Every structure is written in C-alpha cells, then in structure tokens.
Amino acid sequence: MIARAAVAVLILASGNAQALEMDAWDLSIKTCGARQGDVWNVWSAGFVGEWVSFPVSGEYEFEVFAAGMPAKGIHPRMSLRIDLIPAGEADADTAEVKGHAFKARAEAGVRMVTVHFLNDYYDGTEDRNLLVAKISVRGLKEGQNPAKSAQPDWRKAADAGIEKHRKGDLVIKVAGMDGKPLKGAKVKVSMQRHAFPFGCTAANALVDGSMKAADLENYRRIFCEFFNCAVHENALKWHNTNAEGPKADFSAADAILDFMDGKGIGMRGHCIVWEQEGCIPAWARALPDDKLRKAVLDRIEEVIKRYGLRITEFDLDNEMIHVDYLARRLGEDFRVEMFKKAESVNPKVRMYVNDFNILTYADLDPYADHIEQLRRKGAAIGGIGCQGHFSGRTPPPILVRMGLDRLGRFGVPIKITEFDIENGDEVLHGLDTADFLRICFSHPAVEGILLWGFWEGSHWRPSAALYARDWREKPAGAAYRSLVLNEWRTEVEGTADDSGEFRTRAFFGTYTAAAEIGGLKAETGIEFTKAQSGKAVALALK
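Residues numbered from 1 in each chain as written. Predicted model: local features only at pLDDT ≥ 70, side-chain atom pairs only at ≥ 80, totals over all residues. Heavy atoms only, no water.

Here we take up the overall build of the protein chain. Within the protein chain, the regular secondary structure consists of 13 helices and 29 strands. Relative to the compact-globule value of 24 Å for 542 residues, the protein chain shows a C-alpha radius of gyration of 26 Å, a close match. The principal-axis extents of the C-alpha atoms in the protein chain amount to approximately 85 × 65 × 50 Å. Buried residues in the protein chain amount to 55% of all 542 residues. Accessible surface, the protein chain as shown: approximately 22,700 Å² in total, 49% of it carbon and sulfur. In the protein chain, which carries 69 positive and 76 negative side-chain charges, the distance between the mean positions of the two groups comes to 5 Å. (Helix = DSSP H or I, 4+ residues; strand = E, 2+ residues; numbered from the N terminus. Rg over C-alpha atoms; globule rule 2.2 N^0.38 Å. Buried < 20%, exposed > 50% of the residue type's maximum accessible area, 1.4 Å probe, protein only. Areas by Shrake-Rupley, 256 points an atom, 1.4 Å probe, with all protein chains shown as cover. Lys, Arg positive; Asp, Glu negative; His and termini not counted. Charge placed at Lys NZ, Arg CZ, Asp CG, Glu CD.)

Below you can see the structure in the form of structure tokens.
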C-alpha cells in the first residue's frame, strides 16, 4: 500500500544552539517515497533518515517536525529510531508541520537516525499521509553533511564479504605419471557453473507454444547463459494445477522441470499453497472446513511426493503475513499443521516461508515475529524467502544488509526469491540492480538470488526486465552480466611452483582444470566447495 504523504523531520541535540540541518529530499536513507514540493512523501510504511556522527555518547534531544492527514479517524503515527532501535513514538496530528520532541541515547560514532511511518493506510477513498521537510542535529557542526562524511563504506564491506564467503583457495597439484611434481607446468582453471544459485522464474511460455520461435530461441539461450537455478512462475500454483477439481494437471510444471533438468539447471518449487482467496481453487473454497483441511493436506502430500527427489525446496504457504484465507477458515494453527504435514511426507525437503515488503522494512518486524511464532509452535521452517519486488529506488544497501542480519539470526538459509525493480529510469534501474546483487551476494546467510522474470515480453512488470521486448539488453541486464558472468567468475592461468602446485582464489563452483608441459597434458573436472578449499586436486600429466 502507498500512502500519498510527506514528512518533515527535524532532529535536535541538547545543550547547544548550533545545529546540523539537512533537507529531507537530500537524506541518504530513504526506503521509499518521492519529493513533493518542499517535503518528502514516505510510502508504504517506509522510513527516511541520515547517518549522523555523534561526538560523545549520551542522551540527545530529538524533535521531529511532521504533518499528517488522518484516515478512518486515525492520524499518522511515527517512530524515531537510532540504529533501528525504537526511541519513541508520536502522532502527526496536524495538517501543518509541527514539532514533536523525543529523547534518546546515541553512542559515540556514526549512527543511523530514522523516522518510520508506522500505520500507513489506503483503501481507495481514504489515505493516511505522513509529511518530512528537514533534519537538524543541534550541537553538531553547522552545514556538515553526514551522508558524505559519516556514511559507512558498504561497498568495501560487501566486497570483503564476497571474498570471505563466496571464494576459497583452489589448489592444483601437477605431477607426472611417476608422481613427481612438474615445476613450471602451465595451468588453466575455467569456471563452468557457479555454486551459488543465480536464478529466475520460468514462464509457462517456455514450454506451451505461445512464444514466437525467434523469441523462444532468445529466451532459452539467455536463460541458460544467465541462470543456474529456476522456479516455476505459475505452472505449479494450486489454482493452475487443480483449476477444475482434485485431479491435478502437472503437465506444464513437469515440462518446465524437464527442460531445466536437461540443461543442468536446478529448480525450487513455488508454491504449494497461496492463501490469497483467488489462488485457492474455487472448488476447494466451496468445501466445508473439514474437507478443505483434507484437500490442503492432500495437496501438500501430492506435490512433495511427486517432486521430492527432483525439487528439494518449496515455498509452502505463500505470503502468510499478507493473506490469510486458510487461517481465517481453519485457524492460525493450521499453518503449523501444514509444515508438520510436509515434514512427515519428506523431512529432507526444505519448506520456506516467503513474503514481500521485507527488505524495505515495511514488514520486516511482522515477518520476523511470524517466523518466531511458527517455530515456537513446532513448524520446521527450512528457509526464509524475501521476495524483493521494489518500486522506485531499492533501499540503501547497508539497510538491506541489516535486514538480512536480522533474519540471519534464525540460522536457516535466506533466498531472494522474486527480485525485480520498477522505477521508470533505466540508468537507475541498472545501478540499483548492481548494488542489490552485490550486497545480497556478500551476505553469508543468503543462499540464492532469483529474479522474477528477465524479458519484457514475459514479465509481470515489463519495465523491470533486464531485456527489452526487442531483446535489447538494458543497463540492468548489462549490470547483471558484468557481475554474475564476469566479476564473480574465475578464469585464470598460471604456472606450477617448485612443488608442482598452482594456487588461486576462486569462486565456489564447477570447474575444468587443465595443465601441460613438454608435450604432457591432462584435464579434469572439479567440484570446488568450501570443504575443498585449501585441499590439493591432483592432476597427473601424460
């Protein structure tokens, strides 16, 4: 939901008339929104703020200047936070900008000071709006811009994380048939496939004959070039496989899986159940509660048994914090029952939760609470899906990292399951795509990034695609190619040392390694994993 609003934020530190002042539209931290005149429009329970360098630890006085328009008789409510820790709340209860005072402790150093819109509401007729004009920190140097002088270097940290978590020491030990090391042998290491899942949704048009031959050729070629992982877009959803009744038609889902299997591309399953009312088959909705319960549990069992050896992870119940048809009909605890059913069918298949508006922070807190409650009641959650559908700019990378840190504490894999950006500016689209991919790839808890489409001709949000309808590669496609197919791949050549060893830092994945010297040659395939890092792979030349 998007609130058509604007907020004026003013931050004051006590005891000194000197103030650092920043206009809201110049703030470096914005999860969403747009400038409207002299204020910033905060959308969809987003937040705005700035990095501030506090010279000493202590309690500071903050004042948020805000205006708001109510809906359903309720005014916008805002929260001041220091490093995302709540420091107080207040209602923006006037149509004109008015100051709201807070006190909060800030530790010495660079801190994130933000104001969050807590109760966004829009129903087509009423729209709750929150309004932001300026941030001022009294007691700090007047005119100093923390966005330039104090913002942490996220890119340097991300690259260090990629080096640490996505690469290892690949060692090739070159010897002759007699086992003696071959000093000076020329060694070439070539990556064939990344271990990290870079994926995309696969449209039904891949297999159903609806795509023109030339487009289908391009679609398949680029899919196989760009991605090593796939997910059904619609073919596996319940209302598609069982539109007419309990007897399922898995033909489209099977055909997509067969294609991917033939190309060596792994798949994840989306989704077994989706609680949006229109995504529960009409015949199932018409059942009495006891029979509806059985129909859902039968659906879970059928899908897992059918694909459990070929698809080993599924989004079990999609978007539970936003839609709740089954929970309303069968009770909240039925969701736990679904997880338990899946586990009983095949405990080796991972069941993911999956939802949206998570890394914008609009629903991060409810999502984390939801996961905790499910786990507490016995749901075996095997992974956490963050969809990643963004409108406008993506959140600042360091905020994405902090959100991933929060979810990473659950100790299960995180996947970016449905990434796309719709902002109407191809250049910004490319820049944000590169930044988002980099920060997510660098995070140790993230075990896959999947796009929700890549071509305008088969994309639910055409402007978010990497390729235009005429197959022109957009800046976002070029950014993806530059990172995934170039910067994050290992292609190296070198010479074996005195002990016959060649060492290099390499991304985890599948490789061919070749060596030659004096007419002797050899080549081998390598599955280079974290467990293999630092261990020599023998290559005997003959």
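So, on to helix α2 (residues 154-165). Because each turn of an α-helix spans 3.6 residues, side chains separated by three or four positions in sequence point in the same direction. Between its first and last C-alpha, α2 extends 16 Å over 12 residues, near the 16 Å set by a 1.5 Å rise per residue. For α2, every residue scored as buried is listed here: Trp154, Ala158, Gly161, Ile162 and His165. Take α2 and look down its axis: the buried residues cluster within an arc of 100°, on one side only. α2 presents Lys156 and Lys164 as exposed residues on the side facing more than 90 degrees away from its buried surface. Residues of α2 that are buried make contact with β14 (167-176), α11 (397-408), α12 (426-441) and β26 (501-507). Measuring from the side-chain oxygen of the N-cap residue of α2 to the backbone nitrogen of Arg155 gives 3.3 Å; that N-cap residue is Asp153. (Expected span 1.5 Å × (residues − 1). Arc of directions from axis to C-beta. Contact = heavy atoms within 4.5 Å. Polar contact = N/O pair within 3.5 Å; in protein donor to acceptor, adjacent residues only side chain to side chain.)

So, about the packing of aromatic side chains. With the rule as written, the count across this model stands at 27 aromatic pairs. Between Phe226 and Phe227, the aromatic rings sit 5.9 Å apart at their centres with planes inclined by 80°, giving edge-to-face as the arrangement. For the pair formed by Phe226 and Phe227, the shared burial category is buried. Arranged with centres 6.3 Å apart and planes meeting at 75°, the rings of Tyr511 and Phe528 form a pair that is edge-to-face. Here Tyr511, found in strand β27 (residues 509-517), pairs with Phe528, found in strand β28 (residues 520-528); they are 17 residues apart in sequence, far enough to count as distant. Side by side, Tyr511 and Phe528 carry an identical accessibility label, which is buried. Against the face of Phe507 rests Lys167, its NZ or CZ located 5.0 Å from the ring centre. (Phe/Tyr/Trp six-rings, centres within 6.5 Å; stacked < 30°, edge-to-face > 60°. Lys NZ or Arg CZ within 6 Å of the ring centre and 35° of its normal.)

Before going further, it helps to spend a moment on the sheet that holds β27. The strand order β25-β15-β27-β28 describes an open sheet built from 4 strands, whose pairing is antiparallel. The strands lining the two open edges of the sheet, one partner per strand, are β25 (491-495) and β28. Neighbour-to-neighbour, the strand axes of this sheet turn through a mean angle of 15°, independent of strand direction. In terms of strand pairing, strand β15 (residues 186-194) meets β27 through 8 bridges, oriented antiparallel. Its bridge partner being in β27, Lys186 is matched across the sheet by Glu516. (Pairing = 2+ DSSP bridges. Axes fitted to C-alpha atoms, helices over the stretch in contact; angles between N-to-C directions.)

Turning our attention to the pairing of strand β8 (residues 77-82). Across the 6 residues of β8, 5 count as buried, placing the element largely inside the fold. Note: β8 against strand β9 (residues 85-91), 6 bridges, orientation antiparallel. Each bridged residue has a counterpart across the sheet, and for Ser79 the counterpart in β9 is Glu89. Hairpin connection of β8 to β9: 2 residues between the antiparallel strands, including Asp83 at a positive phi of 50°. In this structure, β8 lies alongside strand β11 (residues 109-117), joined through 5 bridges in antiparallel fashion. Of the residues in β11, the one forming a bridge with Ser79 is His116.

On to the pattern of salt bridges. In the structure shown here, the tally under the stated rule is 41 salt bridges. Across the pair Glu89 and Arg77 runs a salt bridge whose closest N-O atoms are separated by 2.8 Å. Within this pair, whereas Glu89 is found in strand β9, its partner Arg77 is found in strand β8, the two being separated by 12 residues in sequence. You can call Glu89 partly exposed: its relative accessible area is 44%. The partner of Arg481 in a salt bridge is Glu473, with the nearest N and O atoms 3.0 Å apart. (Salt bridge = Lys/Arg side-chain N within 4 Å of Asp/Glu carboxyl O.)

Quick look at the sheet that holds β11 now. Here we have 5 strands laid out as an open sheet, ordered β2-β5-β11-β8-β9, and antiparallel in their pairing. Among the strands making up the open sheet, the edge pair consists of β2 (29-30) and β9. In this sheet, strand β5 (residues 47-54) lies alongside β2 in antiparallel orientation, the contact comprising 2 bridges. For Ile29, the partnering residue across the bridge sits in β5 and is Gly49.

So, on to the packing of helix α7 (residues 289-307) against helix α9 (residues 333-345). Their axes nearest at 9 Å, the elements α7 and α9 cross at an angle of 35°. As for how α7 packs across α9, the hand of that crossing is right-handed. Here Arg293, Val296, Leu297, Ile300, Glu301, Ile304 and Lys305 of α7 come into contact with α9, specifically with Phe334, Glu337, Met338, Lys341, Ala342 and Val345. Of the residues that constitute the contact of α7 with α9, the class distribution is 8 nonpolar, no polar and 5 charged. (Left-handed = near helix turned anticlockwise from the far one by under 90°. Nonpolar A, V, L, I, M, F, W, Y, C, P; charged D, E, K, R; others polar.)

The next subject is helix α5 (residues 251-262). Between its first and last C-alpha, α5 extends 16 Å over 12 residues, near the 16 Å set by a 1.5 Å rise per residue. Taken together, the buried residues of α5 touch β16 (198-202), α3 (213-226), β17 (229-232), β18 (266-274) and α7.

On to the side chain of Asp215, then. By secondary structure assignment, the location of Asp215 is in helix α3. The residues touching Asp215, leaving out its near neighbours within four places in the chain, are Trp455 and Trp471.

What follows deals with the packing of helix α10 (residues 364-376) against α11. Where α10 meets α11, the axes come as close as 10 Å, and the angle between the chain directions of the two elements is 15°. Taken together, the axis directions place α10 and α11 in an arrangement best described as roughly parallel. In the packing of α10 onto α11, the handedness of the crossing is right-handed. Here Leu364, Asp365, Tyr367, Ala368, Asp369 and Ile371 of α10 lie close against α11, whose contacting residues are Gly403, Arg406 and Leu407. Of the residues that constitute the contact of α10 with α11, the class distribution is 5 nonpolar, 1 polar and 3 charged. (Parallel < 35°, antiparallel > 145°, perpendicular 65-115°, else oblique.)

Let's shift gears to the nonpolar core. Ranked by size, the top nonpolar core spans 130 residues in total, and within it Ile172 and Phe454 carry the most contacts. Excluding residues that lie within four positions of it along the chain, Phe454 makes contacts with Cys200, Tyr219, Ile222, Phe223, Phe227, His459, Ala465, Leu466, Tyr467 and Trp471. With 29 residues, the next largest nonpolar core counts Leu20, Phe62, Val113 and Leu130 among its residues. (Core = buried A, V, L, I, M, F, W, Y, C linked by side-chain atoms within 4.5 Å.)

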